[in-house]
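Residues per chain, in single letters:
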Amino acid sequence: MDFGINGRRAIVCASSRGLGKACALALAREGCAVILNGRDEERLSLAVDEIARETGVRPATVVADLDTERGRQLLLAACDEPDILVTNNGGPAPGRIEDWDHAAWLGAIEANMLSGILLIQAVVGGMRKRKFGRIVNITSAMVKSPQLPLGLSTAARTGLTAFSKALSRAVARDNVTINNLLPERIETDRLRYMIEQQATRAGCSFEEARHDMLKPVAAGRFGRPEEFAAACAFLCSMQASYISGQNLQVDGGSYSGLM
């Protein structure tokens, strides 16, 4: 299927690895001019090489910390009129409520709520004027199924979700869509980290913790980054122009709720 976004300009945040990189690759395969972002220049360079091998085109890169105003300015300076914005950022480590002080809450809000909101604010006006825009926020399955150890991430990402839902209704008439992708248990470095943390807490081996983490997944396996990225590319497509304000769970059918 031709998604109709060949030549569109796309910013993909935190895209030197994991789900962000997978989404950048999927959009590059559709012919988008992609801007990669990350904090580690060496890791970004490796991501560029991988995407270039797969697509024949070398994406541009911006080394920047999106938790800071300066980092966001650098990213927008590289592409001030994107057609597509994929927001993404690393989440805080799991923890205990007793350990979350004021600084911990502010850090989570800056990284997982405000960084995305401020980027959206910066680009959505231009999208509306040009009558095309696709915004996809990579959030978390915990937005709909909160678990206390991930409370910092969940609370901040839920704020981004609420803002995006409200804004989506205001911009839909201008062919600008805003949707959220909610990953759970996708094979990434983040999942490996979570398994390691579980193994440490439970005092078991990595393989035992991995087996336990797989149990709730209805599909009986972990997801693949390319599967998640395909959903992102579709939400950015011309065919998805009537889909907005939605939370799409990419979780192997594991969510037990109705809505």
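An account of the accompanying structure is given in this report. Not measured: the values here are computed from a predicted model.

## Let's talk about the sheet that holds strand β5 (residues 133-138)
Inference 1: The seven strands lie next to each other as β3-β2-β1-β4-β5-β6-β7, forming an open sheet whose pairing is parallel. Pairing within the sheet leaves two strands with one partner each, and these edge strands are β3 (60-63) and β7 (247-250). Pairwise comparison of adjacent strand axes, ignoring direction, gives a mean angle of 20° for this sheet.
Inference 2: Relative to β5, strand β4 (residues 84-87) runs parallel, the two being bridged by four bridges. By the bridge assignment for β5, Leu85 is matched with Ile135.

## Digging into the packing of aromatic side chains
Inference 1: What the rule picks out here adds up to two aromatic pairs.
Inference 2: Between Phe3 and Phe234, the aromatic rings sit 6.1 Å apart at their centres with planes inclined by 70°, giving edge-to-face as the arrangement. In this pair, Phe3 sits in the segment before β1 (9-12) while Phe234 sits in helix α8 (residues 225-235), placing the two residues 231 residues apart along the sequence.
Inference 3: Relative to Trp105, the ring of Trp100 has its centre 5.8 Å away and its plane inclined at 80°; by these criteria the two rings are edge-to-face.
Inference 4: Assessed through its relative accessible area of 31%, Trp105 is described here as partly exposed.

## Examining the side chain of Ser244
Inference 1: Tracing the backbone shows Ser244 in the loop between α8 and β7.
Inference 2: The buried category is assigned to Ser244, whose relative accessible area is 19%.
Inference 3: Looking at Ser244, its side chain comes within polar contact range of the main-chain nitrogen of Ile178, at 3.0 Å.
Inference 4: Residue contacts for Ser244: discarding those within four places in its chain leaves Ser168, Val176, Thr177, Ile178 and Asn179.

## Details of the pairing of strand β2 (residues 33-38)
Inference 1: The buried count for β2 comes to five of six residues, which makes it a mostly enclosed element.
Inference 2: Note that β1 and β2 share four bridges and pair parallel. What sits directly across from Ile11, in β2, is Ile35.
Inference 3: You can see the chain leave β1, run along helix α1 (residues 18-29) and come back into β2, and the turn it takes is right-handed.
Inference 4: Looking at chain direction, β2 and β3 are connected through four bridges and run parallel. When the bridges of β3 are listed, Ile35 appears paired with Ala60.
Inference 5: Between the parallel pair β2 and β3, the chain is carried across by helix α2 (residues 41-55), and the sense of this crossover is right-handed.

## A closer look at the state of the cysteines
Inference 1: This model, assessed by the stated rule, comprises zero disulfides.
Inference 2: Note on Cys32: no disulfide assigned, nearest cysteine sulfur contributed by Cys236 at a separation of 7.1 Å.
Inference 3: You can see Cys232 has no disulfide; the closest cysteine sulfur is in Cys23, sitting 3.7 Å from it.
Inference 4: For Cys232, a relative accessible area of 0% puts it in the buried group.

Calculation rules
- Residues numbered from 1 in each chain as written.
- Predicted model: local features only at pLDDT ≥ 70, side-chain atom pairs only at ≥ 80, totals over all residues.
- Heavy atoms only, no water.
- Pairing = 2+ DSSP bridges.
- Helix = DSSP H or I, 4+ residues; strand = E, 2+ residues; numbered from the N terminus.
- Axes fitted to C-alpha atoms, helices over the stretch in contact; angles between N-to-C directions.
- Phe/Tyr/Trp six-rings, centres within 6.5 Å; stacked < 30°, edge-to-face > 60°.
- Buried < 20%, exposed > 50% of the residue type's maximum accessible area, 1.4 Å probe, protein only.
- Polar contact = N/O pair within 3.5 Å; in protein donor to acceptor, adjacent residues only side chain to side chain.
- Contact = heavy atoms within 4.5 Å.
- Right-handed = clockwise from strand over helix to strand, strands pointing away.
- Disulfide = S-S within 2.5 Å.

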